Amino acid sequence: MSAVTGRVRAAQHAVARISVAPLLVRVAIFVIVFAGFALAFPAEVLSGRTILFLTVAALLPAFGPRRIWATFTALVTVGGWLLATDGYGRPVALWRLLAIAALLYLGHTLCALAALLPYDAVVDTELISRWLVRSAAVLLGAAVLGVLLLQAAGTGGEAGHQWVTVLGLLVAVATAALLGWLLRRR
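Residues numbered from 1 in each chain as written. Predicted model: local features only at pLDDT ≥ 70, side-chain atom pairs only at ≥ 80, totals over all residues. Heavy atoms only, no water.

**Focus on the overall build of the protein chain**
Thinking step 1. Looking only at helices and strands, the protein chain has 7 helices and 0 strands in total.
Thinking step 2. Helices and strands appear in the protein chain in the N-to-C order α-α-α-α-α-α-α.
Thinking step 3. For the protein chain, the spread of C-alpha atoms along the three principal axes comes to 65 × 40 × 35 Å.
Thinking step 4. For the protein chain, the proportion of its 186 residues judged to be buried stands at 26%.
Thinking step 5. A separation of at least 24 residues holds for 76% of the contacts in the protein chain among residues at least 6 apart in sequence.
Thinking step 6. As displayed, the protein chain has an accessible area near 12,200 Å², and 71% of this comes from carbon and sulfur atoms.
Thinking step 7. Charge-centre separation for the protein chain: the mean point of 14 positive side chains lies 15 Å from the mean point of 6 negative side chains. (Helix = DSSP H or I, 4+ residues; strand = E, 2+ residues; numbered from the N terminus. Buried < 20%, exposed > 50% of the residue type's maximum accessible area, 1.4 Å probe, protein only. Contact = heavy atoms within 4.5 Å. Areas by Shrake-Rupley, 256 points an atom, 1.4 Å probe, with all protein chains shown as cover. Lys, Arg positive; Asp, Glu negative; His and termini not counted. Charge placed at Lys NZ, Arg CZ, Asp CG, Glu CD.)

This is the structure we're talking about:
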């Protein structure tokens, strides 16, 4: 019983010491992940229990950015997009695809920032603004390069292949597994 009381007191002490910048980064993680869910999933699915599940899932990386929750929510977002395109016949639109990719990247990079910031850290706003400007530059470069490559290949518009999406997802998961294995091997 004393162990439980000790944990409750430690949690109360941590909540009392939380500072504004790490809290705002975690709120931004929740908002961005939830926006990715809302954009990826079909509107017919976003009601009732599903919206509750997605809200809880969006909260997980905000509370545990060092854990597997960022990857979990990215996979849920990709699954929602696959459900919308295959299950509900929503056409693949370039703007939606770029927006989902941008939200996935922003959620990931903010989880990386939140993992570095303790709850009680005093952070200069310049650090966060430089982090976000760097992320925006990466997003802009990737979007411009992606659109240019699609136009050069002539595969833009309605021509889309679902197997390419699934193959890309498998490559991403295999890369993450390989990196995890390499880190444990150290």
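**Looking at the pattern of salt bridges**
Thinking step 1. Taken as a whole, this structure holds 2 salt bridges when the rule is applied.
Thinking step 2. A salt bridge links Asp120 to Arg17; the nearest nitrogen and oxygen atoms lie 2.3 Å apart. Of this pair, Asp120 sits in the loop between helix H5 (94-116) and helix H6 (125-153) while Arg17 sits in helix H1 (residues 2-17), and the two are 103 residues apart along the sequence.
Thinking step 3. Under the relative-accessibility criterion, Asp120 is labelled partly exposed at 32%.
Thinking step 4. The class for Arg17 is partly exposed, based on a relative accessible area of 46%.
Thinking step 5. Across the pair Glu126 and Arg130 runs a salt bridge, and its minimum N-O distance is 3.8 Å. Taken together, the residues span about one helical turn, with Glu126 and Arg130 both in helix H6 at a distance of 4 residues.
Thinking step 6. Judged by its relative accessible area of 43%, Glu126 falls in the partly exposed class. (Salt bridge = Lys/Arg side-chain N within 4 Å of Asp/Glu carboxyl O.)

**A short note on helix H2 (residues 20-40)**
Thinking step 1. In this model H2 runs 30 Å from its N-terminal to its C-terminal C-alpha over 21 residues, within 8% of the 30 Å that 1.5 Å per residue would give.
Thinking step 2. Buried residues of H2: Ala21, Pro22, Val25, Arg26, Ile29, Ile32, Val33, Gly36, Phe37, Leu39 and Ala40, and no others. (Expected span 1.5 Å × (residues − 1).)

**Concerning a nonpolar patch on the surface**
Thinking step 1. A cluster of nonpolar side chains, namely Ile18, Leu23, Val27, Val31, Leu59, Phe63 and Tyr119, defines an oily patch on the protein surface of about 600 Å² accessible area.
Thinking step 2. Secondary structure elements with two or more residues in the nonpolar patch: H2 and helix H3 (49-63).
Thinking step 3. Tallying contributions element by element places H2 first for the nonpolar patch, with 3 residues.
Thinking step 4. Residue position: Leu59 is located in helix H3.
Thinking step 5. With relative accessibility at 33%, the residue Leu59 sits in the partly exposed group. (Patch = residues over 30% accessible without salt bridge, like charges linked within 9 Å, V, L, I, M, F, W, Y side chains within 5 Å.)

**Some words on the environment of Val147**
Thinking step 1. Take Val147: it is sitting in helix H6.
Thinking step 2. By relative accessible area, which is 26% here, Val147 ends up partly exposed.
Thinking step 3. Sequence separation of Val147 and Leu94 is 53 residues, and the distance between their C-alpha atoms is 8.5 Å.
Thinking step 4. Leaving out residues up to four positions away in the same chain, Val147 has contacts with Leu94 and Leu98.

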